Amino acid sequence: MLLLLLLQVSASCLWLGRSEVVTSFESSCPQFFFRETPPNEALEPESPAWICQRYKNQYYFATLYDRNRRIPVYSAYLYQPGPGTRPKTWLVEPQLMGPTYPKTMEREWTLLNYFNVSLEELSKSQAVLKDYKNLTGLNRGHLNPSGHHPDTSSRTATFTLTNIVPQNEKLNGGAWNNYEQQTMIRRTQGCNTTYVVVGAVPGNNYIAKGRVNKPSYLWSSACCEVDTNHRKAWAVIAENDKNEVQLLTLGELEDVLTQLYGRGQVSLFDNDCPRE
């Protein structure tokens, strides 16, 4: 009897180990971070979920998700822009409901119709499409943008609601879009590999009857490897009610986030990434 119990526990642990909601990025999808070093714990919310974002059996980026506020804290990815169309299908993360659900992102419709999941059950674990209906002055803002990826699958993977925040409509289509599409192209000239960590600072306001937090700030940071001996870095921050983006050094952004979060000194990249 004891042997059977031990076997059941062992099997359960193996199954949990397959879940893409992981215990740490270092052990599961470290490739999206410079020197395989994620941001430190100063950004961690009370109820975090570490998600190795998986689509069609492949990892495409990493997201630290705030279960309570139902928004991402940050998403980390490699900057690899390429031509392609913008996807239209929005996805959710079944794994946030528990380890018995699919380990890859799925459409809400698929879960409701094929996996016997109720919308109420799904919405307990994360934001759902209904939360983003009928917004005024806000829209679904990507942290990790689809245009920073080279092919259909990698772009589609960014269309998970765990990578989305309520973003000021003018900012999303204006100054933030200019940074993503123009400034990044200029700044990454000469870079062999560019690691990006982009995030959202929680605010005091909510949408969807208090379900989904509206961030007070959006920020993005990049660490670029020019060659084995040379690196450069930059960062931006924007208030989520103004169409303005402020360009900063990496060190300046870390100091600003340290003040905004108030949980100790923030570190976004390994120390070999320049702060000046």
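Computed from a prediction, not measured in an experiment: that's the story for all the values here.

**A short note on the overall build of the chain**
Phase 1 of the analysis: Counting secondary structure elements, the chain contains 8 helices and 12 strands.
Phase 2 of the analysis: Here the chain has a C-alpha radius of gyration of 19 Å; the compact-globule value for 276 residues is 19 Å, and the two agree.
Phase 3 of the analysis: With the C-alpha coordinates aligned to their principal axes, the bounding extent of the chain is approximately 60 × 45 × 40 Å.
Phase 4 of the analysis: Counting all 276 residues of the chain, 53% fall into the buried class.
Phase 5 of the analysis: Here the contacts in the chain between residues at least 6 apart in sequence split such that 64% fall between residues at least 24 apart.
Phase 6 of the analysis: Summed over its atoms, the accessible surface of the chain is roughly 13300 Å², and 48% of this surface lies on carbon and sulfur atoms.

**Quick notes on the UniProt feature "domain: ENPP1-3/EXOG-like endonuclease/phosphodiesterase" (unreviewed entry) in the chain**
Phase 1 of the analysis: In the numbering adopted here, UniProt assigns the feature "domain: ENPP1-3/EXOG-like endonuclease/phosphodiesterase" (unreviewed entry) to residues 58-268.
Phase 2 of the analysis: As annotated, residues 58-268 comprises 24% helix and 31% strand, and the C-alpha atoms at either end are separated by 25 Å.

**Some remarks on helix 7 (residues 175-187)**
Phase 1 of the analysis: Helix length check: helix 7 (13 residues) gives 16 Å between terminal C-alpha atoms against 18 Å at 1.5 Å per residue, more than 12% under.
Phase 2 of the analysis: The set of residues buried in helix 7 consists of Ala175, Trp176, Tyr179, Glu180, Thr183 and Met184.
Phase 3 of the analysis: Buried residues belonging to helix 7 abut strand 5 (138-142), strand 6 (164-168), helix 6 (169-173), strand 7 (193-201), strand 10 (217-227) and strand 11 (230-239).

**Some points on the pattern of salt bridges**
Phase 1 of the analysis: Considering all chains together, one arrives at 6 salt bridges under this definition.
Phase 2 of the analysis: Residue arginine 35 pairs with aspartate 272 through a salt bridge whose shortest N-O separation is 2.2 Å. Of this pair, arginine 35 sits in the loop between helix 2 (25-28) and strand 2 (48-55) while aspartate 272 sits in the segment after helix 8 (250-261), placing them 237 residues apart in sequence.
Phase 3 of the analysis: For aspartate 272, a relative accessible area of 39% translates into the label partly exposed.
Phase 4 of the analysis: A salt bridge links arginine 211 to aspartate 131; its shortest N-O distance comes to 2.9 Å. Taken together, the positions of arginine 211 in the loop between strand 8 (205-207) and strand 9 (212-214) and aspartate 131 in the loop between helix 4 (119-125) and strand 5 put the pair 80 residues apart, joining distant regions of the chain.
Phase 5 of the analysis: Residue arginine 211 is classed as buried on the basis of its relative accessible area of 18%.

**Some details on helix 8**
Phase 1 of the analysis: Look at helix 8: 16 Å from first C-alpha to last across 12 residues, which is about the 16 Å you get at 1.5 Å a residue.
Phase 2 of the analysis: Of the residues flanking the end of helix 8, it is glycine 262, one or two places downstream, whose phi is positive at about 65°.

**What about the pairing of strand 7?**
Phase 1 of the analysis: Strand 7 sits mainly inside the fold: 8 of its 9 residues count as buried.
Phase 2 of the analysis: The pairing of strand 4 (residues 71-78) with strand 7 spans 5 bridges and is classified as antiparallel. Paired with leucine 78 across the bridge in strand 7 is tyrosine 195.

**Structural notes on the sheet that holds strand 2**
Phase 1 of the analysis: A sheet is described by the order of its strands in space; here 8 strands give the open sequence 1-2-3-4-7-10-11-12, paired in antiparallel fashion. In the strand order of this sheet, the two ends are held by strand 1 (21-22) and strand 12 (246-248), each with one partner.
Phase 2 of the analysis: Two strands pair when backbone bridges link them, and strand 10 and strand 11 are joined in this way by 10 bridges, in the antiparallel orientation. Bridge assignment links serine 220 to a residue of strand 11, and that residue is valine 236.
Phase 3 of the analysis: Strand contacts of helix 7: strand 7, strand 10, strand 11 and strand 12, with the helix running at about 165° to strand 11, the strand carrying the most contacts.

**What to know about the state of the cysteines**
Phase 1 of the analysis: Considering all chains together, one arrives at 3 disulfides under this definition.
Phase 2 of the analysis: One disulfide in the model links cysteine 191 with cysteine 224; its S-S distance is 2.1 Å. Handedness of the cysteine 191-cysteine 224 disulfide follows from its S-S torsion of about -100°: it is left-handed. Residue cysteine 191 is located in the loop between helix 7 and strand 7, and its partner cysteine 224 is located in strand 10; the two are separated by 33 residues in the primary sequence. Taken individually, cysteine 191 and cysteine 224 each receive the classification buried, so the pair is uniform in this respect.

**Let's talk about the nonpolar core**
Phase 1 of the analysis: Leu122, Trp176 and Leu218 are the most contacted members of the largest nonpolar core, which has 47 residues in total.
Phase 2 of the analysis: Going through the elements one at a time, strand 2, strand 3 (58-66), strand 4, strand 6, helix 7, strand 7, strand 10 and strand 11 are the ones with two or more residues in this core.
Phase 3 of the analysis: By residue number, the principal contributor to this core is helix 7, which donates 4 residues.
Phase 4 of the analysis: Excluding anything up to four places from it in sequence, tryptophan 176 contacts His142, Gln167, Leu171, Val198, Leu218, Trp219, Ser220, Val236, Ala238 and Val245.

Rules behind the numbers
- Residues numbered from 1 in each chain as written.
- Predicted model: local features only at pLDDT ≥ 70, side-chain atom pairs only at ≥ 80, totals over all residues.
- Heavy atoms only, no water.
- Helix = DSSP H or I, 4+ residues; strand = E, 2+ residues; numbered from the N terminus.
- Rg over C-alpha atoms; globule rule 2.2 N^0.38 Å.
- Buried < 20%, exposed > 50% of the residue type's maximum accessible area, 1.4 Å probe, protein only.
- Contact = heavy atoms within 4.5 Å.
- Areas by Shrake-Rupley, 256 points an atom, 1.4 Å probe, with all protein chains shown as cover.
- UniProt positions renumbered as here; feature names shortened; annotations may be inferred.
- Expected span 1.5 Å × (residues − 1).
- Salt bridge = Lys/Arg side-chain N within 4 Å of Asp/Glu carboxyl O.
- Pairing = 2+ DSSP bridges.
- Axes fitted to C-alpha atoms, helices over the stretch in contact; angles between N-to-C directions.
- Disulfide = S-S within 2.5 Å.
- Core = buried A, V, L, I, M, F, W, Y, C linked by side-chain atoms within 4.5 Å.

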